[in-house]
Amino acid sequence: MMPNTPAEPAPLDNSFNIPLRNLRLRDPLCWLAAGLRDFRRAPAIGLFYGLCFMLMGWAILGVFQHAPIYTLALSAGFLLMGPFMCLGLYQVSARLERGEKPTLLDSLTAWRRRLSQIAIFGGVLLILEMIWGRAALIVFAVSFDGMPDFAGSITKLLDPDNLSFIVAYLAVGGLFAGLIFSISVIAMPMLLARQADAVTAGLTSLRLVLAQPGVMLFWGFLITSIVVLALLPWFAGLLIAGPVLGHASWHAYRAAVID
């Protein structure tokens with residue numbers, strides 16, 4: 001009779017043993033449709049988060065009007081805050097997925113179960129944001145002789161004489177935005193949904209982007225386009241676009257990662 005041997009423990013999640021699905025180019029449109037359905041099923045909670053996004057937009061506009069040199073740095077900070085604010089929307093989508101009734105309080109406290117790992121991931125994003133902000137100041141320093149005078153006027157900023165500055169400014173912003181997108185596109189939903197550590201979540205997100213760049217570039221393009229369009233009417237579009245994109249990001253994670 002063979003002696004009883006203890007069962008081998010299940011392998012811990014790491015960025016290389018988490019299986020990913022093959023995505024189709026049209027899948028991001030499906031995520032948006034699912035995000036809109038979730039918003040319609042819990043509109044009051046979604047509008048609360050949408051109002052927060054709109055107020056963040058007003059803050060950026062106020063900074064541009066009075067201290068434009070800090071606009072990119074503040075935008076980077078809000079880009080960092082976005083995934084954390086969306087944690088509540090991920091929680092709402094997860095509740096709806098399980099047939100449960102979501103509440104605002106539950107969404108606001110979703111971070112408590114994974115506080116340590118979320119804090120670690122937030123620290124990584126904070127470091128990237130600080131580097132981004134410093135890079136933005138360097139772009140200003142090398143592009144102008146003294147402090148530029150276009151506070152409160154986008155027309156002055158878009159003057160053809162500032163073309164080299166605009167190109168450098170957008171290049172720096174695009175580089176850091178792309179990096180943050182790559183490591184966080186599914187990382188925050190993963191931290192909420194499963195027992196993965198912050199490094200595993202970030203690397204899995206990066207692995208998804210590198211493995212399926214076409215789909216993820218399309219997803220990034222959709223997010224950017226929707227946000228830009230939502231900014232036009234005094235950021236009012238963020239009331240709807242913000243929560244819909246938050247819910248859609250949950251569905252992007254669910255579609256990309258095999259449990």
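Not measured: the values here are computed from a predicted model.

Caption draft 1: Examining the overall build of the chain more closely. Helix and strand content of the chain: 11 helices and zero strands. Ordered by position from N to C terminus, the α and β elements of the chain give α-α-α-α-α-α-α-α-α-α-α. Taken across its 259 residues, the chain has 46% of its residues classed as buried. With the model as given, the accessible surface of the chain reaches about 13,800 Å², and the carbon-plus-sulfur share is 70%.

Caption draft 2: Looking closely at the environment of L55. With respect to the secondary-structure elements, L55 resides in helix α2 (residues 43–66). L55 sits 181 residues away from A236 along the chain, and the two C-alpha atoms are 9.3 Å apart.

Caption draft 3: Quick peek at the pattern of salt bridges. Counting across every chain of the model gives six salt bridges. Here D27 makes a salt bridge to R24, at a shortest N to O gap of 2.8 Å. For D27, a relative accessible area of 7% translates into the label buried. In this structure, the salt-bridge partner of R254 is D259, at a minimum N-O distance of 2.4 Å. Through salt bridges with shared partners, a single network forms among R95, R98, E100 and D106.

Caption draft 4: Fine view of the UniProt feature "transmembrane region" (unreviewed entry) in the chain. According to UniProt, the "transmembrane region" (unreviewed entry) feature falls on residues 44–64, 70–90, 118–143, 163–193 and 214–236. End C-alpha atoms of residues 163–193 are separated by 45 Å, and the span's content is 94% helix alongside 0% strand. Each end of residues 214–236 is marked by a C-alpha atom, and these two atoms are 30 Å apart; helix forms 78% of the span and strand 0%.

Caption draft 5: Fine view of the side chain of H251. Along the chain, the position of H251 falls in helix α11 (residues 238–256). For H251, a relative accessible area of 17% gives the class buried. If we ignore the near neighbours within four places in the chain, the residues touching H251 are W31, A34, G35, D38 and S93.

Caption draft 6: Expanded view of the packing of aromatic side chains. The full count for this structure, using the stated rule, is three aromatic pairs. The interplanar angle of 90 degrees and the centroid separation of 5.2 Å between the aromatic rings of W31 and W219 together place this pair among those described as edge-to-face. Residue W31 is located in helix α1 (residues 27–41), and its partner W219 is located in helix α10 (residues 213–231); the two are separated by 188 residues in the primary sequence. Like W31, the residue W219 is buried in the burial classification.

Caption draft 7: Structural view of the packing of α10 against α11. Look at α10 against α11: their axes get within 9 Å of each other, and the N-to-C directions meet at 165 degrees. Considered as vectors, α10 and α11 are oriented roughly antiparallel to each other. Two packed elements cross with a definite hand, and for α10 against α11 that hand is left-handed. Residues W219, I223, I226, V227, A230 and L231 of α10 lie in contact with α11, whose contacting residues are L238, A241, L245, A248, S249 and A252.

Caption draft 8: How the structure looks around a nonpolar patch on the surface. Together, L51, L55, W58 and W234 line one region of the surface with nonpolar side chains, adding up to about 460 Å² of accessible area. Of note, W234 is situated in the loop between α10 and α11.

Caption draft 9: Highlighting the packing of helix α5 (residues 115–143) against helix α7 (residues 163–184). Two elements in contact, α5 and α7, have axes whose closest approach is 9 Å; the angle formed by their N-to-C orientations is 175 degrees. Taken together, the axes of α5 and α7 lie roughly antiparallel to each other. For the pair formed by α5 and α7, the contact residues are F121, V124, L125, L128, I131, W132, A135, V139, F140 and S143 on the first element and F165, A168, Y169, V172, G173, F176, A177, L179, I180, I183 and S184 on the second. Residue composition of the contact of α5 with α7, by class: 18 nonpolar, three polar and no charged.

Caption draft 10: Highlighting unusual backbone geometry. With phi around 65 degrees, F235 is a residue other than glycine that occupies positive phi space. Within the secondary structure, F235 is located in the loop between α10 and α11.

Caption draft 11: Representation of the environment of L32 in the model. In this structure, L32 sits in helix α1. Using a relative accessible area of 15% as the deciding quantity, one classes L32 as buried. Counting along the chain gives 216 residues from L32 to A248, while the straight-line C-alpha distance between them is 5.1 Å. Among all residues touching L32, those that are not within four sequence positions of it are W219, L222, I226, V244, L245 and A248.

The rules we used
- The residue count restarts for each chain, going from 1 along the sequence in the order it is written.
- Local features in a predicted model are, by the rule used here, given only for residues with pLDDT of at least 70; side-chain atom pairs are given and counted only at 80 or more, and totals for whole chains, interfaces and linings are based on all residues.
- To obtain the side-chain values, all non-hydrogen atoms of the structure were included, while hydrogens and water were left out.
- A helix here means a DSSP run of H or I that spans at least four residues, while a strand means a run of E at least two residues long, and both kinds are numbered starting from the N terminus.
- When accessible area is computed with a 1.4 Å probe and restricted to protein chains, residues below 20% of their type maximum are described as buried, those above 50% as exposed, and intermediate ones as partly exposed.
- Working definition of accessibility: Shrake-Rupley area with a 1.4 Å probe, residue cover restricted to the visible protein chains.
- The salt bridge criterion pairs a side-chain nitrogen of Lys or Arg with a carboxyl oxygen of Asp or Glu, the two atoms within 4 Å.
- UniProt positions are given in the numbering used here, feature names are shortened, and annotations may be inferred rather than shown by experiment.
- It only takes one pair of heavy atoms within 4.5 Å for two residues to be counted as in contact.
- Each Phe, Tyr or Trp ring (for Trp, its six-membered ring) is paired with any other whose centre lies within 6.5 Å, and the angle between the two planes then decides the class: stacked below 30 degrees, edge-to-face above 60, tilted in between.
- All axes here are fitted lines through C-alpha atoms, helices being fitted over the stretch that makes contact, and every angle between N-to-C directions spans 0 to 180 degrees.
- Angle categories: roughly parallel below 35 degrees, roughly antiparallel above 145, roughly perpendicular from 65 to 115, and oblique for all the rest.
- The crossing is said to be left-handed when, going from far helix to near helix, the turn is anticlockwise and less than a right angle, and right-handed when the turn is clockwise.
- Here a patch means residues that are over 30% exposed by relative accessible area and free of salt bridges, tied together within 9 Å if like-charged and within 5 Å if nonpolar (Val, Leu, Ile, Met, Phe, Trp, Tyr).
- Note on residue classes: Ala, Val, Leu, Ile, Met, Phe, Trp, Tyr, Cys and Pro are nonpolar, Asp, Glu, Lys and Arg are charged, and everything else, Gly too, is polar.

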